[in-house]
Every structure is written in structure tokens, then in C-alpha cells.
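Examination of the molecular architecture
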Amino acid sequence: MRLAPQPSAQPLRLIVLLLLTTGVIASPVLSSGCPDRCVCDDQLVVQCAGQHLTTFPVNLPLATRQLIISNNRIVELPPLALNYLSDLVYLDCSNNSLTEISESTFGNLRKLAYLDLSFNTLTRIEDRTFGPLASLVMLRMTDNPGLSEIHPDAFAENAALQVLDVSRNNLTALNITSLIALPALRSVGLSGNPWSCECDNEDLCLWVHLEGFKFQAFSGDEAQVTAVERDSIQTIK
Ligand SMILES: *[C@@H]1O[C@H](CO)[C@@H](O)[C@H](O)[C@H]1NC(C)=O
Ligand SMILES: *[C@@H]1O[C@H](CO)[C@@H](O)[C@H](O)[C@H]1NC(C)=O
Ligand SMILES: *[C@@H]1O[C@H](CO)[C@@H](O)[C@H](O)[C@H]1NC(C)=O
């Protein structure tokens, strides 16, 4: 059998290429370079930790797979710039001055597996915030001293989520209805929050009690397991 020639393939490819190219040129925030004060390597890792940055880096390589912007004073993750990075797998934003994460912040990061938002100044997490993160495996969101509200369905669509750490925030309650339903979840960090074990929070207390096995160490930290278990027991009393 002979394959028929495909006369339309070449022009089509050219058009796609043109569209892609113009798309990149039209983007005000990206290039193939490396942002100021950051180090970019050929493994597509961009390292900008501890550089006194107050804004999200510009000039990020489009193909960036790991972005580390921890230990700065960045106040905002701009959705437009962030969502051009559709190959991003690892994003460490810990220890910045982020106060708000919006519905559109992570809109296009479908490959993101690791996200760290610890040591920021977040106060609440809305319904759809993490919805687009279909590949998210580990979410660290600890040490946000004013974080007092997480929407019941905040993690409802994160079917790949295995590890969630919300330790040391200002949470008094957490609706676990959608958390319980996550098929891959195996570890949840809850310690260091002012949990109130009354009325609407009873589900959480019961769950912590019944499913104690889920509350494991993060990266082999025995002290933390003990702390989580101790907190859980205190909460149940
Ligand atoms: C946060 O970053 C600052 C530098 O910007 C550093 O001095 C401090 O130790 C960091 N804190 C944590 C908890 O990593
Ligand atoms: C923690 O939440 C309580 C209300 O539940 C509030 O009064 C307190 O100011 C919050 N703490 C911080 C550090 O924002
Ligand atoms: C928890 O959230 C679900 C929706 O996700 C809702 O149906 C349920 O009533 C909530 N439970 C409490 C105790 O607020």
C-alpha cells in the first residue's frame, strides 16, 4: 500500500510555526534569555532564590520546568506571565510576601506537580484556585500566619494530590468532604493550627482519629509525625 502524498501538511506546519513565533514575540514578558539575578541551566531550571526580588521575574525561558523564587519579597504572581510557562513542573514560591492567589493564577499549569506557598501572608484560599492543577502531587502551604479560610472545594479537582501540608496557619476549621474523596491522598499535615472541635468541624476530628495512618512524616521527619498525632489527639478530646 502506498501512502498518498499530503500536499497540505507543509503550509499548515508553516502557519502553526508562524502563529507560535508571533505569539512569543507578542508576549511582553518572555524571551529565550534568563531573568536578571537568576541562574538558568540547560535542564530548564531557573533559580532566583534570595535575590531581594519584589516582583515576579521577567524574561523567563518559555520552556522552564522548574522555577525557584523562594526567599524574596515578591508580592504577586502575575497570571499572564506565569501561565505562559505551560511546561512548569516545579514551582517554589515559599518565603515571599504573597497575599492573594486568584482563580486565574494557576490557570494553565497542567503539568505542575510540586507547589510551595509556605511562609507567605495568604489569608484565604478560594474555590477554584487549584482547580486547573490536574497533575499536582504535593502542595505545601504552611506558615501563613493569617491564613484562616480554605474553601471546601479548594482541592476537589486535584485528583493526583498525594501530600498536602497546611501546618502552622490560622485555621480553625477545614471541611474535609472533598479531601476524603481524593483517591491518591496519603499524607496531610495539620499541626500548629488553632483547630476548634465544635459543631461543623466534627468531621475533621473524626477523620483525623479514624485515618491516623494518613498523617505521616514529611520527608522522614519523625518529630513532625509525633506533633501531628499529638495535635490530633488533643483535638479529639
Ligand atoms: C526568608 O528569606 C529571607 C531572605 O529574603 C531569609 O533571611 C529568611 O531566613 C528566610 N526565612 C525562611 C523561613 O526561610
Ligand atoms: C487568626 O484568626 C483570628 C480569627 O479566627 C483573628 O482574630 C486573628 O487576628 C488571626 N491571626 C492572624 C495572625 O491573622
Ligand atoms: C462541606 O462542603 C460540602 C461541599 O463541598 C457541603 O456540601 C457540606 O455541607 C459542607 N459541610 C459542612 C459541615 O459545612
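Analysis parameters
- Residues numbered from 1 in each chain as written.
- Chains lettered and ligands numbered in written order.
- Predicted model: local features only at pLDDT ≥ 70, side-chain atom pairs only at ≥ 80, totals over all residues.
- Helix = DSSP H or I, 4+ residues; strand = E, 2+ residues; numbered from the N terminus.
- Buried ≥ 20, exposed ≤ 12 C-beta atoms within 10 Å, placed from the backbone.
- Contact = placed C-beta atoms within 7 Å.
- UniProt positions renumbered as here; feature names shortened; annotations may be inferred.
- Core = buried A, V, L, I, M, F, W, Y, C linked by C-beta atoms within 7 Å.
- Near = placed C-beta within 6 Å.
- Nonpolar A, V, L, I, M, F, W, Y, C, P; charged D, E, K, R; others polar.
- Pairing = 2+ DSSP bridges.
- pLDDT = per-residue confidence, 0-100.

The helix and strand inventory of the chain stands at five helices and ten strands. Buried residues in the chain amount to 30% of all 237 residues. Across the chain, every contact between residues at least 6 apart in sequence was considered, and the portion connecting residues at least 24 apart equals 53%.

Here the focus is the UniProt feature "domain: LRRNT" (unreviewed entry) in the chain. In the numbering used here, UniProt assigns the "domain: LRRNT" (unreviewed entry) feature to residues 33-66. For residues 33-66, the end-to-end C-alpha separation is 15 Å, with 0% helix and 18% strand making up the annotated structure.

Residues Leu-98, Leu-112, Leu-136 and Leu-171 are the most contacted members of the largest nonpolar core, which totals 43 residues. Apart from the residues lying within four places of it in its own chain, the contact partners of Leu-98 are Ile-74, Val-75, Glu-76, Leu-77, Cys-93, Leu-117, Asn-120, Thr-121 and Leu-122.

This next bit is on the site of ligand 1. Residues in close proximity to ligand 1 include Gly-50, Asn-71, Asn-95 and Phe-119, which together make up its full environment. Per-class residue counts for the shell around ligand 1 are one nonpolar, three polar and no charged.

Take the environment of Glu-149 next. Within the secondary structure, Glu-149 is located in strand S8 (residues 149-150). Of the residues examined, Glu-149 has 17 C-beta atoms within 10 Å and is grouped as partly exposed. Sequence spacing of Glu-149 and Ile-125 is 24 residues, and the spatial spacing of their C-alpha atoms is 6.3 Å.

The next subject is the sheet that holds strand S7 (residues 138-140). Pairing is mixed across the open sheet formed by eight strands, whose spatial order is S1-S2-S3-S4-S5-S7-S9-S10. Here the strands that pair on one side only, and so sit at the sheet edges, are strand S1 (39-40) and strand S10 (187-189). When strand S5 (residues 114-116) meets S7, the two strands line up parallel, connected through three bridges. Across the sheet, Leu-115 pairs through a bridge with Leu-139, a residue of S7.

Right, let's get into unusual backbone geometry. Phi at Asn-71 is positive, roughly 55 degrees, even though this residue is not glycine. Positive phi, close to 60 degrees, is recorded for Asn-95, a residue that is not glycine. Along the polypeptide, Asn-95 turns up in the loop between strand S4 (90-92) and S5.

Now for the confidence of the model for the chain. Confidence in the prediction of the chain, expressed as mean pLDDT, is 80, and 70% of residues score 70 or more. Across residues 1-30, where pLDDT falls below 50, the model places ten contacts with residues more than four positions away in sequence or in other chains. Here residues 216-237 is a poorly scored stretch, pLDDT under 50, and it has 30 contacts once near neighbours within four places are set aside; other chains count.

Okay, the environment of Leu-164 next. With respect to the helices and strands, the residue Leu-164 is situated in strand S9 (residues 163-165). With 22 C-beta atoms packed within 10 Å, Leu-164 lands in the buried category. Between the C-alpha atom of Leu-164 and that of Leu-185, which follows or precedes it by 21 residues, the distance is 7.9 Å.

To continue, consider the environment of Ile-180. By the element assignment, Ile-180 lies in helix H3 (residues 177-180). Between the alpha carbons of Ile-180 and Leu-204 there is a distance of 9.9 Å; along the sequence they are 24 residues apart.

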